[in-house]
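Okay, here's what each chain looks like letter by letter:
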Amino acid sequence: NTHTFTGLASGDYKGYVVEGANTSPTSNTVTLTNQTSVPVSVSIAASPTGAICSGNSVTFTATPTNGGVTPAYQWYEGGSAVGTGTNTYTTTTLTNLEAVYVVLTSSETCVTGNPATSNTINTTVNPNLPVSVSIAASATTICAGTSVTFTATPTNGGTTPVYQWKLNGTNVGSNSTTYTSTTLATGDIVTCQLTSNATCATGSPATSNSITMTVNPNLPVSVTIAANPGTTICSGTSVTFTATPINGGTTPVYQWKVNGVNVGSNSSTYTSSTLASGNTVTCQVTSNATCATGSPATSNTLTMTVNPNLPVSVSIAANPGTTICAGTSVTFTAT
């Protein structure tokens with residue numbers, strides 16, 4: 001009840017039963033159609049193409065050839081079976097150069113190379129680079145008008161990072177790693193915002209630490225001197241000069257001068273009994289006050305008038321003399 005044929009061509013075939021000399025009715029007709037075998041293949045492409053950053057989503061799409069009406073797909077990532085059996089596979093867990101491919105099982109008849117394996121895609125996965133920036137100041141406690149330079153140090157800024165300096169939240173400066181100002185005030189806050197152009201930069205733009213400024217007022221230094229008992233004296237009189245400084249600080253340094261020559265000691269007073277007429281006395285004060293300006297400062301000039309000493313004496317004479325008669329009038333004259 002069976003028979004095997006080879007080499008049949010397309011056409012209609014019937015079966016016959018032969019018993020002795022009698023021929024039975026023929027069977028139903030079977031129509032054969034010869035089909036040409038077709039090769040099965042599949043290719044895949046990735047979106048996005050090229051390198052990606054770690055954690056990025058990549059979708060692979062399979063394009064079958066002779067896959068039939070209901071092809072079956074089995075995706076592989078790093079050698080492990082993944083996916084949902086569709087012609088696409090999306091992943092966010094790729095590692096660098098990890099291989100992705102798909103195996104297609106065609107539902108077509110008369111195929112060759114079934115199942116077929118696609119090309120392999122090895123995606124370049126770059127590590128994520130956290131972006132940060134820190135700033136430092138040449139000084140944070142300054143005197144009014146002092147020039148301060150702030151310097152930014154980036155991490156993962158890339159080849160051409162963009163810098164935006166901010167003073168109290170307002171944009172200042174230029175696109176540079178440094179920012180310099182001479183107009184800062186107490187309480188001013190300086191920050192820097194860095195925008196990176198590094199591949200796979202994360203956290204960009206990044207904001208730096210904050211620097212709060214302390215700006216002390218400038219203190220003009222001056223000094224005045226006075227003489228006791230005065231500037232007009234008699235020769236040999238002891239005169240004490242006293243300096244009164246303004247903004248001299250806690251330990252000012254005094255340098256007294258007579259006729260421009262250093263005298264005395266580092267003291268707020270200077271005493272001399274050898275002054276001569278025309279001598280000039282000054283004092284120079286060097287302040288140690290914070291933000292002192294005009295230091296060292298020179299005092300007013302005191303010019304001495306020294307009068308010569310005049311020895312006092314007196315002599316008397318009697319007229320008409322010292323030998324007289326009783327009752328004679330005598331006049332004594334003092335010179």
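The sections below set out a description of the structure shown in this document.

Parameters at a glance
Residues numbered from 1 in each chain as written. Predicted model: local features only at pLDDT ≥ 70, side-chain atom pairs only at ≥ 80, totals over all residues. Heavy atoms only, no water. Phe/Tyr/Trp six-rings, centres within 6.5 Å; stacked < 30°, edge-to-face > 60°. Helix = DSSP H or I, 4+ residues; strand = E, 2+ residues; numbered from the N terminus. Buried < 20%, exposed > 50% of the residue type's maximum accessible area, 1.4 Å probe, protein only. Pairing = 2+ DSSP bridges. Axes fitted to C-alpha atoms, helices over the stretch in contact; angles between N-to-C directions. Core = buried A, V, L, I, M, F, W, Y, C linked by side-chain atoms within 4.5 Å. Contact = heavy atoms within 4.5 Å. Patch = residues over 30% accessible without salt bridge, like charges linked within 9 Å, V, L, I, M, F, W, Y side chains within 5 Å. Areas by Shrake-Rupley, 256 points an atom, 1.4 Å probe, with all protein chains shown as cover. Salt bridge = Lys/Arg side-chain N within 4 Å of Asp/Glu carboxyl O. Disulfide = S-S within 2.5 Å.

1. Re the packing of aromatic side chains
Logical step 1: On inspection of all chains with the given rule, the structure shows eight aromatic pairs.
Logical step 2: Arranged with centres 6.4 Å apart and planes meeting at 20°, the rings of F60 and Y89 form a pair that is stacked. Taken together, the residues F60 in strand β8 (residues 58-65) and Y89 in strand β11 (residues 88-91) connect sequence positions 29 residues apart.
Logical step 3: On the basis of relative accessibility, which here comes to 0%, the residue F60 falls in the buried class.
Logical step 4: You can call Y89 buried: its relative accessible area is 10%.
Logical step 5: Here the aromatic residues F60, W75 and Y89 are joined through ring pairs into a cluster of three or more.

2. Here we look at the sheet that holds strand β20 (residues 148-155)
Within a sheet, adjacent strands bond to each other through the backbone by hydrogen bonds, running parallel or antiparallel.
Logical step 1: If you trace the three strands from one edge of the open sheet to the other, you get β18-β20-β23, paired in antiparallel fashion. Strands at the two margins of the open sheet, each flanked by one partner only, are β18 (132-137) and β23 (178-181). Each strand of the sheet is rotated relative to its neighbour by a mean of 20°, with strand direction disregarded.
Logical step 2: In the sheet, β20 pairs with β23 via four bridges, with the strands oriented antiparallel. Counterpart to T149 in the pairing with β23 is T180.

3. A word on the nonpolar core
Logical step 1: Counting 20 residues, the largest nonpolar core has F150, W165, L184 and M213 as its most contacted members.
Logical step 2: Apart from the residues within four sequence positions on either side, L184 is in contact with I142, V148, F150, L167, M213 and V215.
Logical step 3: Core analysis: the second largest hydrophobic core is formed by 18 residues, I52, F60, L104 and I121 among them.

4. Regarding the environment of F150
Logical step 1: If you trace the backbone, F150 turns up in strand β20.
Logical step 2: Its relative accessible area of 0% is what places F150 among the buried residues.
Logical step 3: Residues F150 and P296, 146 residues apart in the sequence, show an inter-C-alpha distance of 31 Å.
Logical step 4: With residues up to four places along the chain from it excluded, the contact list for F150 reads A136, A137, W165, T177, T178, Y179, L184, V190, I211 and M213.

5. Topic: the sheet that holds strand β30 (residues 222-228)
Logical step 1: In spatial order, the strands read β30-β32-β35; together these three strands make up an open sheet with antiparallel pairing. Looking at strand neighbours, the two that pair on one side only are β30 and β35 (269-272), the edges of this open sheet. For this sheet, the mean inter-axis angle between neighbouring strands, taken without regard to orientation, is 20°.
Logical step 2: When strand β32 (residues 239-246) meets β35, the two strands line up antiparallel, connected through four bridges. Directly across from V239, in β35, lies its bridge partner S272.

6. Considerations on a nonpolar patch on the surface
Logical step 1: A surface patch of nonpolar side chains, amounting to about 360 Å² of accessible area, comprises V314, I316 and F332.
Logical step 2: Along the chain, the position of V314 falls in the loop between β40 (305-307) and β41 (316-319).

7. Comments concerning the state of the cysteines
Logical step 1: In the structure shown here, the tally under the stated rule is two disulfides.
Logical step 2: Each disulfide pairs two cysteine sulfurs, and for C53 the partner residue is C200, the sulfurs being separated by 2.0 Å. One disulfide, between C53 and C200, carries an S-S torsion of -95° and so falls in the left-handed class. You can see C53 sitting in strand β7 (residues 52-53) and its partner C200 sitting in the loop between β24 (189-195) and β25 (201-202), a full 147 residues away along the chain.
Logical step 3: A relative accessible area of 8% places C200 in the buried class.
Logical step 4: With a sulfur-sulfur separation of 2.0 Å, C143 is cross-linked through a disulfide to C291. Linking C143 and C291, the disulfide has an S-S dihedral of approximately -95° and is accordingly described as left-handed.

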